[in-house]
Amino acid sequence: GNTLECSKKPVQQMILDSLRYWVVELQVDGFRFDLASILTRDARGEPHETGPLLEMITNDPVLRSVKLIAEPWDAVGLYQVGSTFVKYKRWSEWNDRYRDNIRHFIRGGGRPGAFATSICGSNDLYGPNSPCSSVNFVTAHDGFTLRDLVSYNFKHNYANGEDNRDGANYNESWNCGVAGSTEQKEILQLRQRQMRNHLFALMISRGIPMLLMGDEYGHTRGGNNNAWCQDNELNWFLWDQLAENQDLYRFLKLLIRFRKQNPVLHLNRFYQEGDIEWHGREPLK
């Protein structure tokens, strides 16, 4: 796959030369490193809290001003969310704990404390840094789309040719009462509310919001949560669907405007005592 022997000096030089070329010649302003934890493994495959290549990328004079985003795990089980990359103040990282906490709470599974911590910037993970260490997301290119998150309890990956063995089994999803497509008005209305709930939580959370392309109109992959191999309507952006789903699109645009107009939602610091009040279903008087 895409896993490299990052402890070897020629490989390290190739990676650095490539990054510098993209910055200097192509004017790329940032990088998201897939399975980034491989950068920290040594020649024996053992993980380190830093790693020479990670040090070189972080401190390189050509790369000093670009954005650095890590997917802080790798293909062989090394999981470093909130630990290794954020020791360097320059790095942000995909926060899959945020994803799971938001999904679990909105699905109806409880954990209000974890939900609150997540929308406040995940201080439990990034306390020494800032909320901007966390790239917040509910959906990504891997896994269910937002529409499928509220339409399927289980993955439907048979079209991938692996007898539905591929893709994650743990999705924190809920089909709202019926699997897949339906004409039941009450189910469709509930799904629309749930999609809005997820988008609302994402846009009021401290940190960096990340939106999956197509979620703005409710793109569906028919329950396929590992559709990387599908070069068809499962992955294509469907402009006709955007035109047909203007209500959801308008809702998201208003959320983005609301976030931009309220600096408290995107300040680069955690909430302090007195900044926020918590209440139940009825607001405090």
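As shown above, the structure is provided for reference.
Because the structure is predicted, anything quoted here is derived from the model rather than measured.

Caption draft 1: Spotlight on unusual backbone geometry. Even without a glycine there, the phi angle at Leu 35 is positive, about 50°. Relative to the helices and strands, Leu 35 resides in the loop between strand 1 (30–33) and helix 2 (52–59). Classification of Leu 35 by relative accessible area gives buried; the value is 17%. Here the phi dihedral of Asn 164 falls at roughly 65°; this positive angle occurs in a residue that is not glycine. Looking at where Asn 164 falls in the secondary structure, it is placed in the loop between helix 6 (146–149) and helix 7 (185–203).

Caption draft 2: Molecular detail of the packing of aromatic side chains. By the definition in use, this model includes 10 aromatic pairs. Judged by centre distance (6.2 Å) and plane angle (45°), the rings of Phe 31 and Phe 33 are tilted. The rings of Trp 22, Phe 31, Phe 33, Phe 85 and Trp 91 are connected pair by pair, giving a single aromatic cluster. Lying across the ring of Trp 94, Arg 32 places its NZ or CZ 4.1 Å from the centre.

Caption draft 3: Molecular detail of helix 9 (residues 246–261). An ideal rise of 1.5 Å per residue puts 22 Å on 16 residues; helix 9 measures up with 22 Å between its terminal C-alpha atoms. Within helix 9, the full set of buried residues consists of Leu 248, Leu 252, Leu 255 and Arg 259. One side of helix 9 carries all its buried residues, which in axial view fall inside an arc of 55°. Helix 9 presents Asp 247, Arg 250, Lys 260 and Gln 261 as exposed residues on the side facing more than 90 degrees away from its buried surface. The elements touched by buried residues of helix 9 are helix 7 and strand 5 (208–209).

Reading the values: rules and limits
- Residues numbered from 1 in each chain as written.
- Predicted model: local features only at pLDDT ≥ 70, side-chain atom pairs only at ≥ 80, totals over all residues.
- Heavy atoms only, no water.
- Helix = DSSP H or I, 4+ residues; strand = E, 2+ residues; numbered from the N terminus.
- Buried < 20%, exposed > 50% of the residue type's maximum accessible area, 1.4 Å probe, protein only.
- Phe/Tyr/Trp six-rings, centres within 6.5 Å; stacked < 30°, edge-to-face > 60°.
- Lys NZ or Arg CZ within 6 Å of the ring centre and 35° of its normal.
- Expected span 1.5 Å × (residues − 1).
- Arc of directions from axis to C-beta.
- Contact = heavy atoms within 4.5 Å.

Interpretation note: all reported values are geometric properties and have no functional meaning in isolation.
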